[in-house]
Structures are given as C-alpha cells and as structure tokens.
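Residue-level listing of the chains:
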Amino acid sequence: MKQLEFSKSFVSDSSAYQMNIQSAGVATIPIATLSDEKKLYIEFAYHSEGEDRNGKMTLLLNNKTGRFEGNWKTVADNGDVYQGKLYFVFGEDDQAKRFYRFKGANYRIMILKK
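Below, the structure is looked at part by part.

Rules used throughout
Residues numbered from 1 in each chain as written. Predicted model: local features only at pLDDT ≥ 70, side-chain atom pairs only at ≥ 80, totals over all residues. Heavy atoms only, no water. Helix = DSSP H or I, 4+ residues; strand = E, 2+ residues; numbered from the N terminus. Buried < 20%, exposed > 50% of the residue type's maximum accessible area, 1.4 Å probe, protein only. Pairing = 2+ DSSP bridges. Axes fitted to C-alpha atoms, helices over the stretch in contact; angles between N-to-C directions. Contact = heavy atoms within 4.5 Å. Polar contact = N/O pair within 3.5 Å; in protein donor to acceptor, adjacent residues only side chain to side chain. Arc of directions from axis to C-beta. Salt bridge = Lys/Arg side-chain N within 4 Å of Asp/Glu carboxyl O.

## A few points about the environment of phenylalanine 90
Part 1 of the reasoning: Along the chain, phenylalanine 90 falls in strand β6 (residues 81-90).
Part 2 of the reasoning: Sequence separation between phenylalanine 90 and lysine 103 is 13 residues; the distance between their C-alpha atoms is 25 Å.

This is the structure:
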C-alpha cells in the first residue's frame, strides 16, 4: 500500500519536516516512528498564543479508507490540554495533508518538508 511506503520515507527523516497546524502554528517534529502493526506515532512542538506546546499523535493505517487515523493530544506549558481526532493521507512527495478535529470543527493540518 502506498500510504505505508510514503509514511516510511517521512519517518526515516522526520526532522526534515514540519507540521503546519491551522489556527495553531508551525510545529517541529523531533520524533516519528512506524510500528510493524502500521501504527504511526508523532511527537511535535510549537509556540502559540503565548504558550509552548508539546504534543503526541497516534494513528493507525486504516486499509479500508487508505489513510492514517487516530488521536492527538497537546499539553501547554501552563497545563492547558488540547486533544481531538485526526487523519492524514500521505502523497507521493512524502508529505501529508488532511484534517484534525477540535471543539466540533475541522481544521487543516499538513506535514511538509522544510
């Protein structure tokens, strides 16, 4: 499956990518792993609204939909917690695009090469 191939390329050099999170900011990606069970784990960090935020995503490849689906959680330096659902679809350029959900609304999220 192409999603698996493209995600492996991203994971092999995740620090060469950044995450553009609509309504939040641009995040670094210090860690990304992909398990044999097709579980994609991503750690990210960014600064938004006066807060330093660190987050984690855990997504599983859904063979029916052809995309990685899962959850994200971000903790700010002041203790605020943000969380929701998201999904990614990787393209042939090893970049991923789609949406995350927060407070009942969909927002765009992209993993792009720096």
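## A closer look at the pairing of strand β1 (residues 17-21)
Part 1 of the reasoning: Taking every second residue as pointing to the same face, the buried face of β1 carries Tyr17, Met19 and Ile21, while none of Gln18 and Asn20 on the other face is buried.
Part 2 of the reasoning: Strand direction decides the pairing type here: β1 and strand β2 (residues 25-34), joined by four bridges, are antiparallel. If you follow methionine 19 over to β2, its bridge partner there is alanine 27.

## Quick look at the sheet that holds strand β8 (residues 105-113)
Part 1 of the reasoning: As summarised here, the arrangement of the eight strands in space is β1-β2-β3-β4-β5-β6-β7-β8, forming a closed barrel in which the pairing is antiparallel. Neighbouring strand axes in the sheet, compared pairwise and without regard to direction, differ in orientation by 30 degrees on average.
Part 2 of the reasoning: Contacts between helix α1 (residues 2-12) and the sheet are confined to β1, β2, β3 (39-48), β4 (51-62), β5 (67-76), β6 and β8, with β2 contributing the most and set at about 110 degrees to the helix.

## Describing the side chain of serine 7
Part 1 of the reasoning: As for its placement among the helices and strands, serine 7 is situated in helix α1.
Part 2 of the reasoning: One polar contact links the side chain of serine 7 to the main-chain carbonyl oxygen of leucine 4, over a distance of 2.9 Å.
Part 3 of the reasoning: For serine 7, the contacting residues outside a window of four places in its chain are Leu34, Phe68 and Phe90.

## What to know about α1
Part 1 of the reasoning: Taken together, the buried positions of α1 are Gln3, Leu4, Phe6, Ser7, Phe10 and Val11. In a view along the axis of α1, the buried residues occupy a sector of 165 degrees, so they form one face of it. Turned more than 90 degrees away from the buried face of α1, the exposed residues are Lys2, Glu5, Lys8 and Ser12.

## Let's talk about the pattern of salt bridges
Part 1 of the reasoning: Under the criterion given, the structure shown has three salt bridges.
Part 2 of the reasoning: Salt-bridge contacts for arginine 53 lead to glutamate 49; the nearest nitrogen and oxygen are separated by 3.3 Å.
Part 3 of the reasoning: A residue is classified by how much of its surface remains accessible, and arginine 53, at 6% relative accessible area, is buried.
Part 4 of the reasoning: The salt bridge partner of glutamate 51 is arginine 53, with a shortest N-O separation of 2.7 Å.
Part 5 of the reasoning: Put simply, Glu49, Glu51 and Arg53 are held in one network by salt bridges that share partners.

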